[in-house]
Amino acid sequence: DKSPQEPAVTVLATSKEVVKDIGSATLLCSLQNFFPEAIQVMWTEVGRSEELKSEQGELVKDASTNMSSLYSWITIRQTDIGKIFRCKYKHEGNGNRWREVEYNTASLKDTNQYEITNSSCMDTADLTDGVDVGPMIVVRAAQLIYALLLLKCLLYCPFLLLFRYKSSK
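Since we're looking at a predicted model, the values are computed, not measured.

Draft legend 1. Local environment of the confidence of the model for the chain. A residue-level look at the chain finds 81% of positions with pLDDT of 70 or above and a mean pLDDT of 83. Here residues 112–133 is modelled with pLDDT under 50, and outside its nearest four sequence neighbours on either side it reaches 40 contacts, counting other chains as well.

Draft legend 2. Structural view of the pairing of strand 7 (residues 84–91). As paired strands, strand 3 (residues 39–45) and strand 7 are joined by seven bridges and run antiparallel to one another. Across the sheet, Gln40 pairs through a bridge with Lys90, a residue of strand 7. As paired strands, strand 7 and strand 8 (residues 98–104) are joined by seven bridges and run antiparallel to one another. By the bridge assignment, Cys87 is partnered in strand 8 with Val101. Joining the antiparallel neighbours strand 7 and strand 8 is a turn of six residues, in which Gly95 adopts a positive phi near 75 degrees.

Draft legend 3. Structural view of the state of the cysteines. Under the counting rule described, the total for this entry stands at one disulfide. Across the disulfide, Cys29 is cross-linked to Cys87 (sulfur-sulfur distance 2.1 Å). Classification of the bridge connecting Cys29 and Cys87 rests on its S-S torsion, roughly -80 degrees, and on that basis the disulfide is left-handed. Here Cys29 is found in strand 2 (residues 24–34), whereas its partner Cys87 is found in strand 7, with 58 residues between them in sequence. With respect to burial, Cys29 and Cys87 carry one shared label: buried.

Draft legend 4. Spotlight on the nonpolar core. One finds Val11, Cys29, Leu31, Ile39, Val41 and Trp43 to be the most contacted residues of the largest nonpolar core, which totals 21 residues. Contributions of two or more residues to this core are made by strand 1 (8–13), strand 2, strand 3, strand 6 (67–77), strand 7 and strand 8. Discounting residues that sit within four places of it in the chain, Ile39 has contacts with Pro7, Leu31, Phe34, Leu70, Tyr89, Lys90 and His91. Counting residues in hydrophobic clusters, the runner-up holds five residues, among them Leu12, Leu28, Ala141 and Ile145.

Draft legend 5. Highlighting the side chain of Glu100. Tracing the chain through its elements places Glu100 in strand 8. Judged by its relative accessible area of 7%, Glu100 is buried. At a separation of 3.0 Å, a polar atom in the side chain of Glu100 contacts the side chain of Arg86.

What counts as what
Residues numbered from 1 in each chain as written. Predicted model: local features only at pLDDT ≥ 70, side-chain atom pairs only at ≥ 80, totals over all residues. Heavy atoms only, no water. pLDDT = per-residue confidence, 0-100. Contact = heavy atoms within 4.5 Å. Pairing = 2+ DSSP bridges. Helix = DSSP H or I, 4+ residues; strand = E, 2+ residues; numbered from the N terminus. Disulfide = S-S within 2.5 Å. Buried < 20%, exposed > 50% of the residue type's maximum accessible area, 1.4 Å probe, protein only. Core = buried A, V, L, I, M, F, W, Y, C linked by side-chain atoms within 4.5 Å. Polar contact = N/O pair within 3.5 Å; in protein donor to acceptor, adjacent residues only side chain to side chain.

Now the structure itself:
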C-alpha cells in the first residue's frame, strides 16, 4: 500500500592518501531509503557506453519503515584518476528511468592541498537536480569503505597464509 520512494543517492571516494598508498581508488555509490526494494545499479565511465565491473553489498531493509538501502562500488586504477564515472540506477520511484550520479575523480589527484568536492546528481532528462552531501553521510561512507577494505584483507589473509604454508611443504 506504500507508494514508491526514490533513493537518496551519493557517490563518495577513498582519500587521496589511500590512492597514493595503494595506487587505486574505490568509488562508493550509496542508495538510501527507497521503496520498493527492486532496483538496478550499474557503473559507467563518461564518454563510454559499456558497463564497468562493480561490486554490490547486501540489500538492507529497515523493518520499521520498510525502506531499503544498498551500496555499490568500483575500484579504479591510478591511471584512470582524472576521469568521470557514473553510478546509474533505475527504480520504480523515478518511473523506472535511468538516473545517474557523476563523480569527477580529478579531485583524487595528488596535491598538497586537501579539498572537498561534492558530486552532482543529474537526471538524464532533467539536468537541474542536485544533491547536497551532508558531513555525516561523508563520515559514514568513509567508515563503510574502510570497513570493506578491512573485511577484504581479513578474507584474503587466511588464503594467502594457507597457500604459503602448502607451497613451503
